[in-house]
Structure formats: structure tokens, C-alpha cells
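Here is how the chains run, residue by residue.
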Amino acid sequence: MPKLETVIARFPLKPGVQEGGGIPLPGPSRARSSPHSPSQNHLLAALPTAEFEPLAAHLELVPMPLGEILYEPGGLMQHAYFPTTAIVSLHYVMESGASAESAGVGNEGVVGVSLFMGGDTTPSSAVVQTAGQAYRLESRALMQEFNRAGLLQRLLLRYTQALMTQMTQTAVCNRHHSVEQQLCRWLLSTLDRIPSHELVMTQELVASMLGVRREGITEAAGKLQHAGFIRYRRGHITVLERSGLEARVCECYAVVKKELARLLSDVRYRQGTAAAVR
């Protein structure tokens, strides 16, 4: 089974699609009507103005093209990433080259928990699975605010617990549930992080992230399409009936979603941002 980066490198580009990515570039009018804001990331949006402003000057909006490697096993992390429209896959690559996703990170979280947990490196990799944008923060600025022991620290530690739950549940799901149930879980989790019902994704890429054979994904997707829940054409998966996926998914999806909601249930979100961020 090829590693995730290899599969992404073979992903076909369409006209008007960002190089290395899978999302059409917005035109000038669309860009103006949908300005980016740190509040599109739930963790940054949860910070009160007094705690957000010290970070604002250090946040940098960066493009996240499909397949970009944010860190590799053993590499020293220099930045944390707070996705807004991108989704990042955290996965482990075996000596054979095969890989599987242990967790996904979208606008609900942050990539780079090893920085504030004290590890600085990790044996896993982080690769952009859905192109978009994120706010990048230098490790020094992150640690300076984290060590103030304010709300940012509590938020990041709570999110880390939710991420651990996701990793644990993914391992259980991969071992005990069918490919169809795993695919439903992955589709629903992805939908929660994007504003569209259409995913720019090949079956080969989904198979690589779930750590299963492509034939298994083809069969499972065929069943979901026959039931009228999704429509698949090469490189695109459109969800037609979310409730159908929810009826067939295993309990793992709800466990992860409920735990994240529980850990952040007492958080009040800012209405807009308190400072302009470039």
C-alpha cells in the first residue's frame, strides 16, 4: 500500500485548481466577500480579546496546498498551525511504506501539540489532506502565551485530550468496524470541517488514509452510492443524504464529536476578531 504523500502526489489537478491543492482558487470578488479571520478557527475564536491580542501580531495566514508536509517523523517543529478551511491528516508511516491516519485536524483544532506538551518532535507525520488556509504561529510565540497559564493553556490542553480520544477511537474503529462504517465516519468528520457537501478526493487517497485496500473503499462507496447517500465521480465525492451516513456509521463518530463538545462546552466565542491579522 503506497504512503499517503505518494498518493497525494498523483492526485489529478483540474483547470482552475491551485497547484498541489484540490480547491478552486477564489476570484477577487469571492475573496472580498469571504474575508479570512482567525475566528474561523474554533480555538482562536474562543480566546477573549485580552488573550487574543498578544497572539494576533504573530499569526500569519498561509495557504495549505494539498499534499504539503507540515512535519515529518523526528523533525523539530518550528510552528503550530490553526486551520480555518484546510484539513490536516496526522498519520504514521510504517517501514514498509504503508501508512494510516491516526487523526484529522480542521477548524476545530491545532496542528503541533508536541510543542506545548514538551516533546518538540513526534514519530508521526502531518500532511494537508484538504487544501485551504491556516494561521501559522511560531513556536516561541505560542510557548510564551501558553506559559502564562491563562485560557489559551486550558484550551490547548483540553483540545489535546479530545485529540487523544480521536486517536484512540480511530484505532478501535480500524480494528473492529467494517470499511463501510469507517468510510462513513471519515466522510462525516470531513463534512464537519468544511462548508460544502462535496469532497475533492480520490478513492485511492481515502484508502491510504484509512489504511485499507482501495478495493474495499470502492465496494463501500458503491454501496453508499447505490443507497443514494453519496454520488461519486473520479476525484469528487458528493454527500447527498447525510442522515443516511449517520444511520450506517459506527459509534466512533459520535464518541469523538461528543467529547470535543463536552471539553469546550463552557467556552464563549468572540464575535469577530479584536485585531487585524495578516
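Residues numbered from 1 in each chain as written. Predicted model: local features only at pLDDT ≥ 70, side-chain atom pairs only at ≥ 80, totals over all residues. Heavy atoms only, no water.

**A word on the sheet that holds strand β9 (residues 230-233)**
1) Next: Judged by pairing direction, the sheet is antiparallel, and its three strands sit side by side in the order β8-β10-β9 without closing on themselves. Of all the strands in the sheet, just β8 (198-200) and β9 have a single pairing partner and so form its edges. Averaged over all neighbouring strand pairs, the angle between strand axes comes to 15 degrees, with direction disregarded.
2) Next: Strand direction decides the pairing type here: β8 and strand β10 (residues 236-239), joined by three bridges, are antiparallel. In the strand pairing of β10, Val-200 is matched with His-236.
3) Next: Relative to the sheet, helix α8 (residues 179-191) contacts β8, β9 and β10, its axis offset from that of β8 by approximately 100 degrees. (Pairing = 2+ DSSP bridges. Helix = DSSP H or I, 4+ residues; strand = E, 2+ residues; numbered from the N terminus. Axes fitted to C-alpha atoms, helices over the stretch in contact; angles between N-to-C directions. Contact = heavy atoms within 4.5 Å.)

**Topic: the layout of surface pockets**
1) Next: If you add up the space inside the second largest pocket, you get close to 530 Å³.
2) Next: Forming the walls of the second largest pocket are 29 residues, and the residues nearest its centre are Glu-108, Asp-192, Arg-193, Val-256 and Leu-260.
3) Next: Elements represented by at least two residues in the lining of the second largest pocket include exactly β5 (99-105), α7 (151-176), α8 and α12 (252-263).
4) Next: Counting residues per element, the lining of the second largest pocket draws most heavily on α12, which supplies six residues.
5) Next: Across the lining of the second largest pocket, the residue classes break down as 13 nonpolar, 10 polar and six charged. (1 Å grid on protein atoms, 1.4 Å probe; cavity = no way out; pocket = protein on both sides within 12 Å on 5 of 7 lines; lining within 4 Å. Points joined across faces, edges and corners; volume = space filled by probe spheres on them. Nonpolar A, V, L, I, M, F, W, Y, C, P; charged D, E, K, R; others polar.)

**Some remarks on the confidence of the model for the protein chain**
1) Next: When pLDDT is averaged along the protein chain, the result is 84, and 84% of the positions lie at 70 or above.
2) Next: Between the elements of the protein chain, mean pLDDT differs from a low of 32, seen in helix α2 (residues 28-33), to a high of 97, seen in strand β3 (residues 79-83).
3) Next: Contacts of residues 10-33 to residues separated by more than four positions or lying in other chains number 38 contacts, the stretch itself having pLDDT below 50.
4) Next: Across residues 271-278, confidence stays below pLDDT 50; counting only partners more than four residues off in sequence or on other chains, it has 18 contacts. (pLDDT = per-residue confidence, 0-100.)

**Quick notes on the sheet that holds β3**
The strands that make up a sheet are held in pairs by hydrogen bonds between backbone atoms, and each pair lies either parallel or antiparallel.
1) Next: A sheet is described by the order of its strands in space; here three strands give the open sequence β1-β7-β3, paired in antiparallel fashion. With one partner strand each, in any of the chains shown, β1 (60-64) and β3 form the two edges of the open sheet. Each neighbouring strand pair of the sheet contributes to a mean axis angle of 40 degrees, computed without reference to strand direction.
2) Next: As paired elements, β1 and strand β7 (residues 132-138) share five bridges and run antiparallel to each other. Residue pairing in the sheet places Pro-63 in a bridge with Gln-133 of β7.
3) Next: Packed onto the sheet, helix α6 (residues 139-146) meets β3 and β7 and runs at close to 70 degrees relative to β7.

**Quick word on the nonpolar core**
1) Next: The biggest cluster of nonpolar side chains holds 41 residues, and the ones touching the most others in it are Met-64, Leu-70, Phe-82, Leu-90, Val-110, Val-111 and Leu-156.
2) Next: For this core, the element with the highest residue contribution is α7, accounting for five residues.
3) Next: Residues in contact with Phe-82, not counting those within four places in the same chain, are Asn-41, Leu-43, Leu-44, Gly-109, Val-110, Ala-134, Tyr-135, Leu-137 and Leu-156.
4) Next: Ile-194, Ala-207, Leu-224 and Ile-237 belong to the second largest nonpolar core, which has 27 residues in total. (Core = buried A, V, L, I, M, F, W, Y, C linked by side-chain atoms within 4.5 Å. Buried < 20%, exposed > 50% of the residue type's maximum accessible area, 1.4 Å probe, protein only.)

**A short note on helix α9 (residues 203-210)**
1) Next: Most of α9 sits out of view: seven of its eight residues are buried.
2) Next: Every buried residue of α9 is accounted for by Gln-203, Leu-205, Val-206, Ala-207, Ser-208, Met-209 and Leu-210.
3) Next: Two residues or fewer after α9 comes Gly-211, characterised by a positive phi angle close to 75 degrees.

**Considerations on the pairing of β9**
1) Next: Sheet topology note: the β9/β10 ladder contains four bridges and is antiparallel. Bridge pairing in β10 links Ile-230 to Val-239.
2) Next: Linkage of β9 to β10, two consecutive antiparallel strands, is achieved through a turn of two residues, within which Gly-235 is found at a positive phi near 85 degrees.

**Topic: unusual backbone geometry**
Backbone geometry follows two general trends: most residues other than glycine have a negative phi, and most peptide bonds adopt the trans configuration.
1) Next: In the Ramachandran plot, Ala-149 falls in the positive-phi region, its phi being about 60 degrees despite a non-glycine side chain.
2) Next: For Ala-149, a relative accessible area of 43% translates into the label partly exposed.

**Considerations on the pairing of β5**
1) Next: With respect to burial, β5 is a largely interior element, five of its seven residues being buried.
2) Next: Judged from the six bridges that link them, strand β4 (residues 87-93) and β5 form a sheet pairing that is antiparallel. Bridge pairing in β5 places Val-88 opposite Val-105.
3) Next: The antiparallel hairpin formed by β4 and β5 contains five residues in its connecting segment, where Gly-97 sits at a positive phi of about 100 degrees.

**A short note on the pattern of salt bridges**
1) Next: Summed over the entire model, instances satisfying the criterion amount to 11 salt bridges.
2) Next: One salt bridge in this structure joins Arg-248 and Glu-180, with 2.9 Å as the shortest N-O distance. You can see Arg-248 sitting in helix α11 (residues 242-248) and its partner Glu-180 sitting in helix α8, a full 68 residues away along the chain.
3) Next: For Arg-248, a relative accessible area of 33% corresponds to the partly exposed category.
4) Next: Arg-213 is paired through a salt bridge with Glu-215; the nearest N and O atoms lie 3.6 Å apart.
5) Next: Judged by its relative accessible area of 59%, Arg-213 is exposed.
6) Next: Each of Asp-192, Arg-242, Glu-246 and Lys-257 takes part in one network of salt bridges that share partners. (Salt bridge = Lys/Arg side-chain N within 4 Å of Asp/Glu carboxyl O.)

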